[in-house]
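Listed below, chain by chain, are the residues.
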Amino acid sequence: MNNKTNEQLNEQKEAAEQAAIEKRRARLKNESTRIIEIASNETNSALKCIHQLSVAGGATEATYIAIEQRVVADQDTAGAYHLALLAQNTPDLPIDARQLIELVVNKGDNDQRLALLKNLPLPPVELIKEQILASDDGDAIGQMNAYLQINPEGYGSHHMLSSGQSDQIVPLSRGNGNG
């Protein structure tokens with residue numbers, strides 16, 4: 001009799017877990033639909049959508065694709081930067097990170113290029129160097145040279161952190177001037 005009670009409790013527990021999974025799946029699907037709607041209809045909404053995606057804790061593949069399409073349509077370098085980092089840290093996303101990185105390198109500003117250099121696991125060092133040098137921005141060139149002096153291969157922060165050196169993830173905004 002005790003065995004039967006344990007079996008019933010286990011079945012109830014499994015049913016409750018399955019119901020919770022289904023509820024989360026339905027919530028994510030609803031959030032995905034909402035985010036896709038924003039990405040499809042609002043120009044320059046990529047950062048808003050990426051934030052909503054983060055708050056939701058995930059989304060469908062179609063959501064990531066819609067956000068990427070919004071970034072490309074708007075040539076949004078800030079959205080491209082954040083989506084590229086997301087794609088680099090989550091390899092199975094249906095995003096062309098290379099395209100996003102090229103958008104930032106070719107059309108972004110030097111703060112964004114330096115942030116890519118420091119935050120991507122394997123940044124396109126030569127392309128970033130060319131663009132920063134071509135900009136004639138002495139401050140950015142100095143920051144890039146200082147960074148590449150301690151990290152000549154240009155391995156991103158992940159490598160430096162795992163090798164025992166410390167570096168901070170650099171935000172895109174100038175905020176505190178340490179960038």
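Residues numbered from 1 in each chain as written. Predicted model: local features only at pLDDT ≥ 70, side-chain atom pairs only at ≥ 80, totals over all residues. Heavy atoms only, no water.

To continue, consider the nonpolar core. Core analysis: the largest hydrophobic core is formed by 38 residues, its most contacted members being Ile 67 and Leu 116. For this core, the secondary structure elements donating two or more residues are α1 (2-41), α2 (46-56), α3 (61-74), α4 (77-89), α5 (97-107), α6 (110-119), α7 (125-135) and α8 (138-150). (Core = buried A, V, L, I, M, F, W, Y, C linked by side-chain atoms within 4.5 Å. Buried < 20%, exposed > 50% of the residue type's maximum accessible area, 1.4 Å probe, protein only. Helix = DSSP H or I, 4+ residues; strand = E, 2+ residues; numbered from the N terminus.)

With that settled, the discussion passes to unusual backbone geometry. Here the phi dihedral of Asn 44 falls at roughly 55°; this positive angle occurs in a residue that is not glycine. Structurally, Asn 44 can be placed in the loop between α1 and α2. Of note, Gln 75 is a non-glycine position whose phi angle comes to about 50°, a positive value. For Gln 75, the position within the fold is in the loop between α3 and α4.

The next thing to look at is the packing of α5 against α6. Where α5 meets α6, the axes come as close as 8 Å, and the angle between the chain directions of the two elements is 140°. Compared by their axis directions, α5 and α6 come out oblique. The chirality of how α5 crosses α6 is left-handed. Taken together, the residues of α6 that come into contact with α5 (itself represented by Ile 101, Val 104, Val 105, Asn 106 and Lys 107) are Gln 112, Arg 113 and Leu 116. Its residues placed into classes, the contact of α5 with α6 shows four nonpolar, two polar and two charged. (Axes fitted to C-alpha atoms, helices over the stretch in contact; angles between N-to-C directions. Parallel < 35°, antiparallel > 145°, perpendicular 65-115°, else oblique. Left-handed = near helix turned anticlockwise from the far one by under 90°. Contact = heavy atoms within 4.5 Å. Nonpolar A, V, L, I, M, F, W, Y, C, P; charged D, E, K, R; others polar.)

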